[in-house]
Amino acid sequence: MEEKREPVDLARSDFNFANQVAQTEGGQQISRCFACGTCSASCPVRRINDKYNPRRIIRQVLLGLKEEVLKSGFVWLCSACYSCQERCPQGVKITDIMTALKNMAASSNCVPDGVLAQMELIKKQGKVYAIDEFDNKKRIKAGLPPLPEEIDEIAQLLSVP
Amino acid sequence: MKFALFLGCTIPARSRQYEMSARKVADKLGILLEDVPGFGCCGFPLKSVDPEKTTLLAAWNLSLAEEKGLPVMTLCSACSSNLAEENHRLKHDDRLRRRINEKLARVGKEFRGTTEVKHILRVIHQDLGLEKITQAVKIPLTGLKVASHYGCHYLKPSELYDKFDDPENPRSLDQIVAAIGATPVNYERVKQCCGGAVLVSDEATALGLTKDKLDAVKASGAEAMTLVCPFCNVMYDNNQKSIETRFASEYGLPVFYMTQLMGLAMGVSSKDLGMNLNSVKTKELIARFSAEDEDDEKKEKKKVRKDKPGPPLQPLIK
């Protein structure tokens with residue numbers, strides 16, 4: 001399909017952005033990308049929703065288009081399936097880079113509410129779904145061992161910034 | 001062969017059929033499992049927002065297994081990849097390990113790097129081998145056409161799993177399907193992601209991905225689908241009905257955890273395998289392989305509490 005092409009306004013570029021990404025876990029090889037498009041061709045999400053385009057996101061990072069990458073919300077469409085990362089001929093850790101970009105977006109408060117809600121649940125109860133008395137009754141009935149309803153140590157570990 | 005059983009968040013609360021069947025199958029195959037009450041979330045859901053806390057949470061869980069002197073066995077593929085990844089990082093990054101251990105010391109724990117993490121199906125396929133499975137089969141599932149869904153984190157990142165199966169041409173689940181007497185069915189989009197991870201940010205995209213694969217499985221003539229991760233199960237089993245409504249399609253495709261099919265073939269009763277907890281009805285299909293009566297389905301339905309708070313990670317779409 002035809003993509004809309006526009007000149008990139010480099011006046012809006014933050015040339016430090018690519019360096020920031022290159023310093024994250026897995027981001028070191030980003031500058032090796034030669035834009036072959038294996039990532040986008042392998043991406044299952046892109047088959048369904050063409051707003052998500054990993055090749056484009058990598059290029060935007062290299063061009064320093066920080067605002068566009070972090071505020072557009074596109075990075076949250078990555079399902080972290082590793083199809084692109086397994087196939088990249090240049091060894092760019094694309095899935096790891098998407099995770100690093102999600103971390104950066106989260107630091108600028110561009111994060112889906114559901115993701116934050118999960119974090120609060122885990123901090124409070126040590127798990128996304130707490131086990132309560134009702135669950136444990138059902139577990140025992142099914143021949144499964146009961147589980148603790150709270151894990152205090154996890155709450156303690158996660159409460160410190 | 002003994003492991004610390006890591007259940008994670010979703011399975012013990014919302015996918016008990018996986019836990020029930022996994023324990024039964026492990027028992028049949030002589031795998032010993034130890035429960036560790038302090039095991040919590042693996043850290044995966046925090047990965048996109050807080051990498052440091054993700055590592056800390058994984059390190060907490062791994063340190064408990066180390067205290068027991070046991071390797072970790074996971075049932076969920078996301079737990080599997082996150083714990084394996086953090087275990088690898090902590091073992092190889094001295095600075096990270098020191099920093100995390102300072103925090104763990106507050107609750108009297110230490111990560112020493114003495115354990116390893118494996119998915120249950122990897123243990124069964126790689127460490128036990130297909131012959132052991134065949135030997136344990138009592139009722140071969142002859143004639144049952146099954147499509148295997150490998151999912152993403154069971155196979156990838158492959159470098160962390162010592163490439164036990166080829167992510168571009170995976171075979172392990174099909175081989176297990178064949179070992180229990182059923183017929184593995186090939187279909188288009190075998191390797192495609194279930195979409196579960198996107199459900200929280202874009203429901204339409206996530207369900208579109210799930211539908212895409214359900215269409216391909218249906219077209220292949222498979223009678224059932226099998227999988228090894230509770231996230232995938234939410235998408236294909238729990239959400240199948242809503243996908244049918246949303247896209248005006250029809251599947252009626254039973255979705256089994258691999259351990260449920262293995263248990264069935266090993267002569268475990270469908271009640272003990274939690275078959276009544278599957279969303280898409282399995283009764284007709286499994287009646288071909290077991291003589292027992294299934295009245296429990298109705299009884300269990302009455303007991304399901306309706307007012308439970310909705311899960312943010314994987315809303316069960318009504």
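Keep in mind that what you see is a predicted model, and the values were worked out from it rather than measured. (Residues numbered from 1 in each chain as written. Chains lettered and ligands numbered in written order. Predicted model: local features only at pLDDT ≥ 70, side-chain atom pairs only at ≥ 80, totals over all residues. Heavy atoms only, no water.)

The subject of this paragraph is the overall build of chain A. Helix and strand counts for chain A come out as 10 helices and zero strands. Ordered by position in the sequence, the α and β elements of chain A form the string α-α-α-α-α-α-α-α-α-α. Its C-alpha atoms give chain A a radius of gyration of 20 Å, more than 25% over the compact-globule value 15 Å for 161 residues. Along the three orthogonal principal directions, the C-alpha set of chain A runs to about 60 × 35 × 25 Å. (Helix = DSSP H or I, 4+ residues; strand = E, 2+ residues; numbered from the N terminus. Rg over C-alpha atoms; globule rule 2.2 N^0.38 Å.)

Each full turn of the α-helix corresponds to 3.6 residues, which orients residues three or four apart in the same direction. When you tally the buried positions in helix H6 (residues 120-128) of chain B, you get seven out of nine residues, the bulk of the element. Positioned one or two residues after H6 of chain B, Gly 129 of chain B has a phi angle of 95°, which is positive. (Buried < 20%, exposed > 50% of the residue type's maximum accessible area, 1.4 Å probe, protein only.)

All names here are of chain B. Its place among the elements puts Lys 109 in the loop between helix H5 (94-104) and strand E4 (117-119). Note on Lys 109: relative accessible area 18%, which makes it buried. Residues within four places of Lys 109 in sequence aside, it is in contact with Trp 60, Ser 63, Leu 64, Glu 67, Asn 101 and Leu 104. (Contact = heavy atoms within 4.5 Å.)

This part is about the confidence of the model for chain A. Across chain A, the average pLDDT comes to 93, with 98% of residues at or above 70. The least confident element of chain A, judged by mean pLDDT, is helix H8 (residues 113-125) of chain A at 89; the most confident is helix H2 (residues 38-42) of chain A at 98. (pLDDT = per-residue confidence, 0-100.)

All names here are of chain B. Taken residue by residue, chain B gives an average pLDDT of 92. The fraction at 70 or more is 91%. Here residues 309-318 scores under 50 on pLDDT; set against residues more than four positions off or in separate chains, the count is 31 contacts. Prediction confidence for the complex, expressed as pTM and ipTM, is 0.92 and 0.93 respectively.

Residue and element names in this part refer to chain B. Bridge count for strand E5 (residues 145-148) against strand E6 (residues 183-184) is two bridges, and the pairing is parallel. Paired with Lys 145 across the two strands is Thr 183, which belongs to E6. Each parallel crossover has a hand, and the one from E5 via helix H8 (residues 172-179) to E6 is right-handed. Examined bridge by bridge, E5 and strand E7 (residues 224-227) share three bridges and lie parallel to one another. The partner of Ser 148 across the bridge, within E7, is Thr 226. (Pairing = 2+ DSSP bridges. Right-handed = clockwise from strand over helix to strand, strands pointing away.)

The strands making up a sheet associate through hydrogen bonds between their backbones, and the pairing can be parallel or antiparallel. Ordered by their spatial adjacency, four strands build an open sheet running E6-E5-E7-E8 (chain B), and the pairing between neighbours is parallel. Edge positions in the sheet fall to E6 and strand E8 (255-257) of chain B, since each has one partner strand and no second.

As enumerated under the stated definition, the model contains seven cavities of 30 Å³ or more in all. The computed volume of the largest cavity comes to approximately 330 Å³. Lys 102 of chain A together with Phe 44, Pro 45, Ser 48 and Ala 197 of chain B are the residues nearest the centre of the largest cavity, which is lined by 19 residues in total. Mapped onto the lining of the largest cavity, the elements with two or more residues apiece are helix H7 (94-107) and H8 of chain A. If one sorts the elements of the lining of the largest cavity by residue count, H7 of chain A sits on top with three residues. A class-by-class count of the residues in the lining of the largest cavity yields 11 nonpolar, six polar and two charged. Of the pockets and cavities examined, the second largest cavity occupies roughly 170 Å³. Around the second largest cavity, the lining comprises 18 residues; the ones closest to its centre are Cys 152, His 153, Cys 194, Phe 231 and Cys 232 of chain B. When grouped by side-chain class, the residues that make up the lining of the second largest cavity number 12 nonpolar, six polar and no charged. (1 Å grid on protein atoms, 1.4 Å probe; cavity = no way out; pocket = protein on both sides within 12 Å on 5 of 7 lines; lining within 4 Å. Points joined across faces, edges and corners; volume = space filled by probe spheres on them. Nonpolar A, V, L, I, M, F, W, Y, C, P; charged D, E, K, R; others polar.)

A few words on the pattern of salt bridges. Applying the stated criterion across every chain, the model contains 27 salt bridges over all chains. Two residues, Arg 23 of chain B and Glu 19 of chain B, come together in a salt bridge whose shortest N-O distance is 2.9 Å. Of this pair, Arg 23 of chain B and Glu 19 of chain B both sit in helix H2 (residues 16-28), separated by four residues, roughly a single helical turn. For the pair shown, Arg 23 of chain B and Glu 19 of chain B are each scored as buried. For Lys 109 of chain B, the salt bridge identified is with Glu 67 of chain B, shortest N-O distance 2.9 Å. Here Glu 67 of chain B lies in helix H3 (residues 51-68) and Lys 109 of chain B lies in the loop between H5 and E4, a separation of 42 residues in the sequence. Overlapping salt bridges bring together Arg 139 of chain A together with Glu 19, Arg 23 and Asp 35 of chain B as one network. (Salt bridge = Lys/Arg side-chain N within 4 Å of Asp/Glu carboxyl O.)

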